[in-house]
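Secondary and tertiary structure notes
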Amino acid sequence: MRIYEFAKNHGKDNKDIIKILTDMGIEVKSHMSSMPEEVIKKVESMLGTSVAPSAPAPLAPAPVDKASASTVPSKPVPAPSAAANKTLDKKQPNVEVKKAHETKAAPAPTPVPAPSAAPVVPLETAETSAPVETQPPAAPVEIVKETIEINKNMTVTEFAASLEIRPVELIKKLMSMGVMATMNQVLNEEEVQIIADEYNKILKFKDIYGDDIFAEVPDKPEDLKPRCPIVTIMGHVDHGKTSLLDAIRESNVVSGEHGGITQKIGAYKVSTGHGDVVFLDTPGHAAFTAMRARGAKATDIVILIVAADDGIMPQTKEAIDHAKAAGAPIIVAINKIDKEGANPEKIKQELTKYGLVPEEWGGKTQVVAISAKKKTGINDLLERILLESEMLELKTNPDTYAQGVVIEGRLDKGRGAVGTVLLQKGTLKIGDAFITNYTYGKVRAIFNDQGKRLKDAKAVMPIEVLGFEDVPNAGDKIKVFPNDKEVKQIAAKRSTDIRRFQVDKKKRKMTLEDLHKKIESGAEKKLQVIIKGDGIGSVEALSEAIEKISTDSGIQVQVIHKDVGDITESDVLLADASDAVVIGFFVSVLPAAKDLAKQEGVEIKIYHIIYEVVDSIKAAMEGLLEPEYEFVEIGEAEVRQVFKVESEGVNIAGSYMKKGKAYQDSTAVVKRNGYELLKAEVKTLKRFKDTVKEVKEGYEFGVVVEGYKEPAVGDMVIFYEERQKLKKL
């Protein structure tokens, strides 16, 4: 029962009940907070009233109570009045209350014989009737609540539509809760949750408005057609990745296109005697991991290339870990078998250490010996790819609105924002309006992997698209809509949610400090770790020590990647995609990796003693580590003019953003002649007459800072953002 319900039932004011609860040491947020059963009994005993209406109470409405009083006077009716029962009926629309309504309606036809009237007699009479009649009241326990997905910050009208009720009905419900609302008023999450409970609904909030538009919509089986596989080639530097790509391209181009083919984009399609294959030429593992970090499934098969004369190298290990983490099947291509010192059998033996057992040895991994230089084994490799794709039964619908994933984005001086897109579904045409995770646009031009201009493109194929409003990110999903008006409306609503979501995403990233909370809430049952050390011995020892950690709650600590050397961007990208913590042992963090970790909210820990690592992970599981925060400078502006707004009684500091940026919720430090005047929260950011949420470098703007009453020309305003520190223990 909620506080406002309890207060109304007992004829008290909300403030009185809240004061009693506060005196009892119970933390209360508002009059809409819930009261447990034991607390209700304590408060009632303090008020000197009887126990709150029990579960059967709604089954005994006022008219029936009179009848029961005359027939069985020995059992008095509980204290709550008819008015209290009506209040309960409104506030708790569960199944038992519905039964009460049914009992009110049933006695209306007086001539009905006794047997049919049995279910509507009071509780006292029901005890004497057949036991079958008393069974139905137990059913309410099995209420099945419907789950509905809604956006955050919905208006009354929008929320009423989600509940499938009239807005007027919802407004009445809010008024009964003491909330005066209009149809266009935005409801907070607590209000929405309470109302959803009343209507037996479970709410699921969307992170960003319109995220559901990217959800996979199942196609009709008759619309699906077989599609070609999408393959990514990964491996160590100088192991022949580029040579293999060139060999495949040159030996499998269609007639008339031999020689001098310039690769225009980072993906291409080749034709073989058995079918087409799309290859993604990703630079290292960065783009591959970035796509996975954004939830894009862009690869069906990974080809791991290993030099026969060199063996498994650091980047080969990384590639294996990245491919396994993505859940993509791996085909191993042992290259340079024509060179002296080549030992394919040794490579196969090394592969078994990483869980890649060749098929001829009883495993499930296909291994092919090739020479990219002499173009031997290429056809065999392509056949293996197509065989693997047949087992995956890959299909798509080429005759619907286009959908795909952005492989890379760049800004071209002559053509504007350009995106390399892997078209996975449907047909893309010139003039189509589309939206991606972070931008939108209208197709102005389409080019294939050979640089040839197209009128339309059918899935599956890699293409270059012109017409993006802003540069797209690698891994962004892209979807076409019937009209550009709808696209602009969705993009406008999404833009306000995106920054908030990015901040929330950083907070949700796994850190040792909040591991205990996630374990207690049931959100996490495992911790994934990436280890970088100064030597192979220390890395192995640390890995074994970490993997031995186990708790009674069944928490798993899993090392997903381990290597020797400093912490790089690749390590941070893998941690971001896998929600892992990076642990360094006697190593440093490269500046680029440190910046990327701050940007993505990935935690990096540096240690110098092995047992410290184990202790801190155990401490995290027990909730002993406390997070530390720091203020990071994000922008600097100079006050150039002061505007007095007499109607509002404030002075606006007209400023120029010299570097960085500022947000509406930033903290600002004002300096005059090099001395700090004050440090306070930003109240308002303005561009011309409009209030804005963000101001970037090079723009003029107005700012109002809490307590900054007399701005002066020449003052410096430095903006800060609170971030969690990368702790070193």
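Just so it is clear, the model here is predicted, and its values are computed rather than measured.

**Looking at the overall build of the chain**
- Assigned secondary structure in the chain consists of 22 helices and 31 strands.
- Counting the 729 residues in the chain, one finds 45% classified as buried.
- Taking the intrachain contacts of the chain between residues at least 6 apart in sequence as the baseline, contacts between residues at least 24 apart amount to 71%.
- About 37,500 Å² of surface is accessible on the chain, with carbon and sulfur atoms providing 51% of the total.

**Digging into the sheet that holds strand β20 (residues 526-533)**
- The 4 strands lie next to each other as β21-β20-β22-β23, forming an open sheet whose pairing is parallel. Pairing within the sheet leaves two strands with one partner each, and these edge strands are β21 (556-564) and β23 (604-607). Neighbour-to-neighbour, the strand axes of this sheet turn through a mean angle of 25°, independent of strand direction.
- The sheet contact formed by β20 and strand β22 (residues 581-585) spans 5 bridges and is parallel. By the bridge assignment, Val529 is partnered in β22 with Val581.
- Together, β20, β21 and β22 form the strand contacts of helix α19 (residues 536-547), whose direction differs from that of β21 by roughly 175°.

**Thoughts on the pattern of salt bridges**
- For the structure shown, the criterion picks out 18 salt bridges.
- For Lys225, the salt bridge is made with Asp399, and the minimal N-O distance between the two is 3.5 Å. Taken together, the residues span a long stretch of sequence, with Lys225 in strand β3 (residues 225-226) and Asp399 in the loop between β10 (395-396) and β11 (403-412) at a distance of 174 residues.
- A relative accessible area of 42% places Lys225 in the partly exposed class.
- Its salt-bridge partner being Asp399, residue Lys458 comes within 3.1 Å of it at the nearest N-O pair. Note that Lys458 is positioned in strand β17 (residues 456-458) and Asp399 in the loop between β10 and β11, a separation of 59 residues in sequence.
- Within the structure, one salt-bridge network assembled from shared partners comprises Arg410, Asp412, Arg415 and Glu464.

**Considering the packing of helix α9 (residues 156-163) against helix α10 (residues 167-176)**
- It is at 9 Å that the axes of α9 and α10 come closest, and there the two elements cross at 105°. Taken together, α9 and α10 sit at an angle that is classed as roughly perpendicular. Residues Val156, Thr157, Phe159 and Ala160 of α9 pack against Pro167, Leu170, Ile171 and Leu174 of α10.
- Grouping the constituent residues of the contact of α9 with α10 by class yields 7 nonpolar, 1 polar and no charged.

**Some details on helix α20 (residues 569-578)**
- Of all 10 residues that make up α20, 8 are buried, and the element is covered over most of its length.
- Asp579 sits one or two positions beyond α20 and adopts a positive phi of about 55°.

**Regarding the pairing of β23**
- Neither face of β23 is left uncovered, since the one carrying Ile604 and Ile606 and the one carrying Lys605 and Tyr607 both have all their residues buried.
- Regarding the hand of the β-α-β motif, the stretch spanning β22, helix α21 (residues 591-600) and β23 is right-handed.

**Quick look at the packing of aromatic side chains**
- All chains considered together, the criterion is met by 4 aromatic pairs.
- Summarising the aromatic geometry, the rings of Phe434 and Phe468 are spaced 4.9 Å apart at their centres and angled 65° between planes, so their arrangement reads as edge-to-face. With Phe434 in strand β14 (residues 433-436) and Phe468 in strand β18 (residues 461-468), the pair connects residues that are 34 residues apart, well separated along the chain. There is no split in this pair, since Phe434 and Phe468 are both buried.
- Summarising the aromatic geometry, the rings of Phe701 and Phe719 are spaced 6.2 Å apart at their centres and angled 50° between planes, so their arrangement reads as tilted. With a gap of 18 residues between them, Phe701 in strand β30 (residues 700-705) and Phe719 in strand β31 (residues 716-724) connect regions that are remote in the sequence. Neither Phe701 nor Phe719 differs from the other in exposure class; each is buried.

**Remarks on the nonpolar core**
- Ranked by size, the top nonpolar core spans 28 residues in total, and within it Leu422, Leu428 and Ile463 carry the most contacts.
- Mapped by element, the contributors of at least two residues to this core are β6 (275-280), β11, β12 (416-425), β15 (440-447), β18 and β19 (477-481).
- In terms of domain composition, this core takes at least three residues from each of domain 3 (225-395) and domain 4 (403-503).
- Judged by nonpolar contacts, the second largest core, of 23 residues, contains Ile233, Val270, Leu381 and Ile385.

**Observations concerning the side chain of Asp300**
- Among the secondary structure elements, Asp300 is positioned in the loop between α13 (286-293) and β7 (301-307).
- Aside from chain neighbours lying at most four places away, what touches Asp300 is Arg227, Cys228, Pro229, Ile230, Ala328, Pro329, Leu392 and Leu394.

**Looking at the side chain of Asn397**
- On the secondary structure map, Asn397 appears in the loop between β10 and β11.
- Polar contacts involving the side chain of Asn397 include one to the side chain of Asp219, which spans 3.2 Å.
- What Asn397 contacts, discounting residues up to four positions off in sequence, is Asp219, Asp223, Leu224, Lys425 and Gly426.

**Side note on the pairing of β7**
- By the criterion of burial, β7 is predominantly enclosed, with 7 of the 7 residues buried.
- Alternating positions in β7 separate into two faces, Ile301, Ile303, Ile305 and Ala307 on one and Val302, Leu304 and Val306 on the other, with burial throughout.
- Two elements, strand β4 (residues 230-235) and β7, share 5 bridges in a ladder whose sense is parallel. Each bridged residue has a counterpart across the sheet, and for Met234 the counterpart in β7 is Leu304.
- Strand direction decides the pairing type here: β7 and strand β8 (residues 330-335), joined by 6 bridges, are parallel. Opposite Val302, over in β8, you have Ile330 as the bridge partner.
- One crossover worth recording links β7 to the parallel β8 by way of helix α14 (residues 314-326), and it is right-handed.

**Points about α10**
- Burial in α10 covers these residues: Leu170, Ile171, Lys173, Leu174 and Ser176.
- Positive backbone phi, approximately 90°, marks Gly178, located one or two places after α10.

**Some remarks on the confidence of the model for the chain**
- Here the chain shows a mean pLDDT of 75. Residues at 70 or above account for 73%.
- Counting contacts from residues 50-135, a segment whose pLDDT is below 50, to residues more than four positions away or on other chains yields 71 contacts.
- Note on residues 252-264: pLDDT under 50 across the span, and 21 contacts to partners over four residues away in sequence or across chains.

**A short note on the environment of Val589**
- Within the fold, Val589 resides in the loop between β22 and α21.
- Taking C-alpha positions, Val589 is 9.6 Å from Gly565, a pair spaced 24 residues apart along the chain.
- Once you skip the residues sitting within four places of it in the chain, Val589 turns out to touch Ile567, Lys594, Ile604 and Ile606.

Definitions and cut-offs
Residues numbered from 1 in each chain as written. Predicted model: local features only at pLDDT ≥ 70, side-chain atom pairs only at ≥ 80, totals over all residues. Heavy atoms only, no water. Helix = DSSP H or I, 4+ residues; strand = E, 2+ residues; numbered from the N terminus. Buried < 20%, exposed > 50% of the residue type's maximum accessible area, 1.4 Å probe, protein only. Contact = heavy atoms within 4.5 Å. Areas by Shrake-Rupley, 256 points an atom, 1.4 Å probe, with all protein chains shown as cover. Pairing = 2+ DSSP bridges. Axes fitted to C-alpha atoms, helices over the stretch in contact; angles between N-to-C directions. Salt bridge = Lys/Arg side-chain N within 4 Å of Asp/Glu carboxyl O. Parallel < 35°, antiparallel > 145°, perpendicular 65-115°, else oblique. Nonpolar A, V, L, I, M, F, W, Y, C, P; charged D, E, K, R; others polar. Right-handed = clockwise from strand over helix to strand, strands pointing away. Phe/Tyr/Trp six-rings, centres within 6.5 Å; stacked < 30°, edge-to-face > 60°. Core = buried A, V, L, I, M, F, W, Y, C linked by side-chain atoms within 4.5 Å. Domains from an automatic or database assignment. Polar contact = N/O pair within 3.5 Å; in protein donor to acceptor, adjacent residues only side chain to side chain. pLDDT = per-residue confidence, 0-100.

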